[in-house]
Amino acid sequence: MTEAILLVGGKGTRLRPLTVRTPKPMVRAAGVPFLTHQLARAKAAGVEHIVLATSYLAEVFEPYFGDGSSLGLHLEYVTEEEPLGTGGAIRNAAARLHSAPDDPVLVFNGDILTGLDIRALVRTHRSSGADVSLHLTKVADPRAYGLVPTDGTGRVTAFLEKPQTPEEIVTDQINAGAYVFRRSVIDTIPAGRPVSVERETFPELLSAGAHLQGMVDSTYWLDLGTPAAFVRGSADLVLGRAPSPAVPGRCGDRLVLPTATVAPDAKLTGGTVVGEGAFVAEGARVFGSTILPGAVIEPHAVITDSLIGTDARVGRRSVLTGTVIGDGAVIGPDNELRDGVRVWCDARIPAGAVRFSSDQ
């Protein structure tokens, strides 16, 4: 297998305001655009040619990655004029593939952080003779996902929508967002219209008698669809819990990018990242958080499990926990922002304007 399609067209609405100005795969995780980690892992598995299926803010990708030569890859870009869904995007990008009809083609989503053994998935695909092979993972609570039961040989027997009752939870296996297609199968997806590979393509292939094979791989897996998950994924990359050859530095408690400035007595722990040109002042404490390029953390601010956008500023003594601060926003001194708060790009919060405790 030498070719892949990478689906990077989503709007990332659950991640806003991170994705107001930046497509989700280009938001930085562990110091580089998240997409870099996926490309590096595909390269390590032997993939040489990747077609990026773009849509939202499509113009951002090529200026950054170019032809892919810096990563040892050949990259091409296909842009959807109108969103085509996962299946439609795969079909639309397939025109740039060079594979023969029976060759395997890797397809993966641009918002999944995983330790999947890609070569093992391809071996499973070849040895089983499948038309499509799916990476499956087990989750403790599958109610938020579509279920994918398999028989004793790993062959997929059904695709079940999100279960509504305990009786409907027949397996803890879910679709983990990476597939190997027989090249000819991609051509059976309808062209020129939105198609969901999960709700339309796979169930129709199954009902038509196609062989869909599941491979359960229970290594690291995280859907980066929410701000909290994205922050956690970045920290796990820095800590070495999630594998990636693209982390720009040694794994450890912190990752400080070149040109960033951190005061000697500032404390950075829990997989914190400080991006290029960012500044963390004296007495600041930052745990498990991402500070994007150009952001400023003023003296004695305390930031936990949060993401601070590009060129944003957090005022002195402000305390942020589980929050997302958009690009260019300014949080004045002595504010307290708690779990789930999102501050939009370029917003201004005056000193002491938001608190959860007494001002004494």
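Remember, predicted model here, so these are calculated numbers, not experimental data.

The next thing to look at is the overall build of the protein chain. Counting secondary structure elements, the protein chain contains seven helices and 28 strands. Looking at the 360 residues of the protein chain, the share that counts as buried comes to 56%. Here the analysis covers contacts within the protein chain between residues at least 6 apart in sequence; of these, 52% occur between residues at least 24 apart. Of the roughly 15100 Å² of accessible surface on the protein chain, 50% is carried by carbon and sulfur atoms. A gap of 4 Å separates the mean positions of the 34 positive and 40 negative side-chain charges of the protein chain.

Before going further, it helps to examine the pairing of strand E8 (residues 132-138). Counting buried positions along E8 gives six out of seven residues, so the element sits mostly inside the fold. As paired strands, E8 and strand E10 (residues 212-216) are joined by five bridges and run parallel to one another. The residue of E10 that forms the bridge with Ser-133 is Gln-213.

Turning our eyes to something else, we now look at the pattern of salt bridges. Applying the stated criterion across every chain, the model contains 15 salt bridges. Here Glu-76 makes a salt bridge to Arg-96, at a shortest N to O gap of 3.1 Å. Separated by 20 residues along the polypeptide, Glu-76 in strand E5 (residues 74-79) and Arg-96 in the loop between helix H3 (85-93) and strand E6 (104-109) bring together distant segments of the chain. Between Asp-102 and Arg-182 there is a salt bridge, and its shortest N-O distance comes to 3.5 Å. Placement of the pair is Asp-102 in the loop between H3 and E6 and Arg-182 in strand E9 (residues 173-182), with a sequence separation of 80 residues. Here the salt bridges do not stand alone but share partners, grouping Asp-102, Asp-131 and Arg-182 into one network.

Under the UniProt annotation, "domain: Mannose-1-phosphate guanyltransferase C-terminal" (unreviewed entry) lies at residues 252-332. A distance of 31 Å separates the end C-alpha atoms of residues 252-332, which is 0% helix and 42% strand.

A few words on the UniProt feature "domain: Nucleotidyl transferase" (unreviewed entry) in the protein chain. UniProt records the feature "domain: Nucleotidyl transferase" (unreviewed entry) for residues 4-236 in the present numbering. Across residues 4-236 one finds 26% helix and 23% strand; the C-alpha atoms that close the span lie 25 Å apart.

If you walk through the whole model with that rule in mind, you get two cavities of 30 Å³ or more. Looking at the largest cavity, its volume works out to about 190 Å³. As for the largest cavity, its lining consists of 19 residues, of which Gln-38, Arg-41, Phe-108, Ile-112 and Thr-114 are closest to the centre. For the lining of the largest cavity, the elements supplying multiple residues, two or more each, are helix H1 (34-44), E6, strand E7 (112-114) and E9. With five residues, H1 is the single largest residue contributor to the lining of the largest cavity. Along the lines of polarity and charge, the residues of the lining of the largest cavity split into eleven nonpolar, seven polar and one charged. Empty space within the second largest cavity amounts to approximately 30 Å³. What lines the second largest cavity is Arg-28, Gly-31, Val-273, Gly-275, Thr-290, Ile-291, Leu-292 and Pro-293. Class assignment of the residues belonging to the lining of the second largest cavity gives a composition of four nonpolar, three polar and one charged.

All right, on to the sheet that holds strand E23 (residues 319-321) then. As a general point, the strands of a sheet are linked pairwise by backbone hydrogen bonds and lie either parallel or antiparallel. Taken together, five strands build an open sheet; the order of strands is E14-E17-E20-E23-E26 and the sheet is parallel. The open sheet has two edge strands, strand E14 (267-269) and strand E26 (336-337), and neither has a second partner. Alignment of E23 against E26, held across two bridges, turns out to be parallel. Following the sheet pairing, Leu-320 is matched in E26 by Leu-337.

Roughly 1400 Å³ of internal volume is contained in the largest pocket. Along its surface, the largest pocket is lined by 45 residues, and Thr-86, Asn-109, Asp-111, Glu-198 and Arg-199 are the ones closest to its centre. Going through the elements one at a time, H3, E9, helix H6 (197-207) and strand E11 (221-223) are the ones with two or more residues in the lining of the largest pocket. Its residues assigned to classes, the lining of the largest pocket comprises 21 nonpolar, 14 polar and ten charged. Size it by volume and the second largest pocket reaches roughly 300 Å³. The element best represented in the lining of the second largest pocket is helix H7 (residues 227-239), accounting for seven residues. Broken down by class, the residue content of the lining of the second largest pocket amounts to eight nonpolar, six polar and five charged.

Conventions adopted
Residues numbered from 1 in each chain as written. Predicted model: local features only at pLDDT ≥ 70, side-chain atom pairs only at ≥ 80, totals over all residues. Heavy atoms only, no water. Helix = DSSP H or I, 4+ residues; strand = E, 2+ residues; numbered from the N terminus. Buried < 20%, exposed > 50% of the residue type's maximum accessible area, 1.4 Å probe, protein only. Contact = heavy atoms within 4.5 Å. Areas by Shrake-Rupley, 256 points an atom, 1.4 Å probe, with all protein chains shown as cover. Lys, Arg positive; Asp, Glu negative; His and termini not counted. Charge placed at Lys NZ, Arg CZ, Asp CG, Glu CD. Pairing = 2+ DSSP bridges. Salt bridge = Lys/Arg side-chain N within 4 Å of Asp/Glu carboxyl O. UniProt positions renumbered as here; feature names shortened; annotations may be inferred. 1 Å grid on protein atoms, 1.4 Å probe; cavity = no way out; pocket = protein on both sides within 12 Å on 5 of 7 lines; lining within 4 Å. Points joined across faces, edges and corners; volume = space filled by probe spheres on them. Nonpolar A, V, L, I, M, F, W, Y, C, P; charged D, E, K, R; others polar.

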